[in-house]
Amino acid sequence: MPETEKTRSSHEESGAQIRRTSNSLAFADHLDHFLARWGYKRMKHLVEPGLYSIGSPTEDSSIFVTANYTLSFDALRSSLTGVNGYILVLDTAGVNVWCAAGKGTFGTDELVNRIEVTDLQNVVSHRKLILPQLGAPGVSAHEVKERTGFKALYGPVRTNDLPEYLQTGKATPEMRKVRFTLWDRLVVSPLELVHVLIPMLVVSIALYFIFGLMSSLGAISTFLAGVILFSVLLPWLPTEDFSTKGLILGGIAALPFALITFSNHPDSELWPRAGWALTYMLAMPPVTAFLALNFTGSTTFTSKTGVRHEIFRYIPVMAVMFGLSIILAASLIIDAYRGGV
Amino acid sequence: MLNSYKTNTLKYNSKTCTHCGMCATVCPHAVFARNDNKKIYPAQAEACMECGACQLNCPSGAIFVDSGTGCATAMILAALTGKKESRIGTESDPAVLSSGN
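Let me begin by describing the structure that accompanies this report. Small disclaimer: the values here were computed from a predicted structure and weren't measured.

Residue and element names in this part refer to chain A. Among the 6 residues of strand β3 (residues 62–67), 5 are classified as buried, and the element is accordingly described as predominantly covered. Two elements, β3 and strand β4 (residues 85–90), share 6 bridges in a ladder whose sense is parallel. Note on β4: the bridge partner recorded for Thr66 is Val89.

In structure tokens form, the structure reads like this:
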């Protein structure tokens with residue numbers, strides 16, 4: 001059978017048809033994943049919701065549940081090498097399992113609905129479903145059992161632990177812990193970068209024409225530090241809060257600009273030089289910190305309560321620092337016009 | 001240094017708990033564990049990220065947590081516009097925080 005074909009219906013009825021899929025990923029799939037990671041047509045990486053067969057399943061074969069986001073679907077099916085089973089794809093509007101569970105779309109109601117629409121009770125003789133653990137924030141297992149008779153079992157967090165889970169029937173404590181490794185952080189960074197790309201370019205171009213190359217580079221450094229460097233260095237930056245980690249990183253990024261600005265024209269008056277250097281130290285760290293604070297949404301360990309504490313603690317600090325840098329820059333410009341250089 | 005993540009809204013009621021272990025199964029941060037008597041208790045409550053999976057999958061309503069998306073932008077906007085933050089999971093009365101020992 002063709003290995004690249006994802007869907008081919010084998011039943012006439014629309015809701016209850018079982019499409020075929022396979023465990024192999026083609027170049028087109030990898031390209032799709034790459035484009036999704038970079039935010040290209042972000043909500044359009046869709047799989048048709050419904051029931052799929054993989055291998056040659058029978059009425060005793062396992063049912064794996066996932067979201068209708070290509071990365072989720074492909075991660076699952078590519079881990080099922082040599083497995084005969086069914087994949088039940090829920091309609092999460094193309095959103096991944098964890099985020100959809102948080103929103104409720106990878107949820108009890110959608111699971112119950114999809115079981116009914118696919119006539120699942122007549123496809124298999126058992127009453128078990130294997131759900132990804134990170135779907136749990138949206139699914140009430142005991143309610144699914146009550147409403148459908150199907151028992152929702154939670155498999156491991158990562159699909160590459162599925163083969164062992166299927167062999168032993170159990171997930172180890174390590175399989176149940178979510179991680180945020182360097183690679184995990186790196187794969188979510190491109191999208192963050194794409195989001196700030198336009199503001200970054202607009203600001204740096206504007207600063208180039210107003211203040212020159214140094215300020216333009218400073219802006220670019222601020223954004224790149226807040227998005228890329230921050231995600232790479234996250235566990236090693238001091239303090240627990242993302243805002244303070246961001247302020248520290250922003251301060252380090254600002255230092256070379258402050259020092260170069262201060263040591264430019266060493267024969268000129270001390271104050272304007274020190275003033276412009278200080279402007280970098282006041283303007284860059286709060287922007288990096290703000291971007292760092294927003295990175296909390298991409299992690300899997302910051303609590304809502306904690307993020308709220310950070311917002312109320314540090315947003316005022318960031319606003320004051322940035323505001324002061326603007327006032328300082330303005331007063332330095334006014335000074336310069338009055339011949340204060 | 002200041003740590004904004006020291007406290008969270010997780011509350012566990014050992015009296016209502018049937019020790020089925022669903023909370024330990026679904027938790028992505030190993031907050032719940034079994035003690036020497038095989039009873040469930042919140043071993044690492046400070047690791048809780050308030051996703052709400054435990055609350056939603058607890059068949060006896062022994063867990064309460066104020067779950068919701070921790071997206072900073074969404075929360076900043078909610079704070080500025082006065083709109084409610086998005087919530088997931090069920091809400092139940094806060095129960096007494098206690099260990100399972």
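So much for the structure itself; the text now carries on.
Next up on the list: unusual backbone geometry. All names here are of chain A. The backbone of Lys41 sits at a positive phi, close to 50 degrees, despite the residue not being glycine. Position of Lys41 among the secondary structure elements: in the loop between α1 (27–37) and β2 (50–54). Positive phi, close to 60 degrees, is recorded for Ala93, a residue that is not glycine. Secondary-structure assignment places Ala93 in the loop between β4 and α3 (97–103).

All names here are of chain A. Here the structure, examined in full by the defined rule, presents 11 aromatic pairs over all chains. Note on Phe242 and Phe301: the rings are 6.0 Å apart at their centroids and 50 degrees apart in plane angle, and the pair reads as tilted. Of this pair, Phe242 sits in helix α9 (residues 242–263) while Phe301 sits in the loop between α10 (270–294) and α11 (304–337), and the two are 59 residues apart along the sequence. The class for Phe242 is buried, based on a relative accessible area of 1%. The class for Phe301 is partly exposed, based on a relative accessible area of 35%. Put simply, the rings of Phe180, Phe230, Phe242, Phe295 and Phe301 touch in pairs and so form one group of aromatic residues. Positioned above the aromatic ring of Phe262 is the side chain of Arg273, whose terminal nitrogen or guanidinium carbon lies 4.9 Å from the ring centre.

Analysis parameters
- Residues numbered from 1 in each chain as written.
- Chains lettered and ligands numbered in written order.
- Predicted model: local features only at pLDDT ≥ 70, side-chain atom pairs only at ≥ 80, totals over all residues.
- Heavy atoms only, no water.
- Buried < 20%, exposed > 50% of the residue type's maximum accessible area, 1.4 Å probe, protein only.
- Helix = DSSP H or I, 4+ residues; strand = E, 2+ residues; numbered from the N terminus.
- Pairing = 2+ DSSP bridges.
- Phe/Tyr/Trp six-rings, centres within 6.5 Å; stacked < 30°, edge-to-face > 60°.
- Lys NZ or Arg CZ within 6 Å of the ring centre and 35° of its normal.

As far as function goes, none of this settles anything; it's purely spatial.
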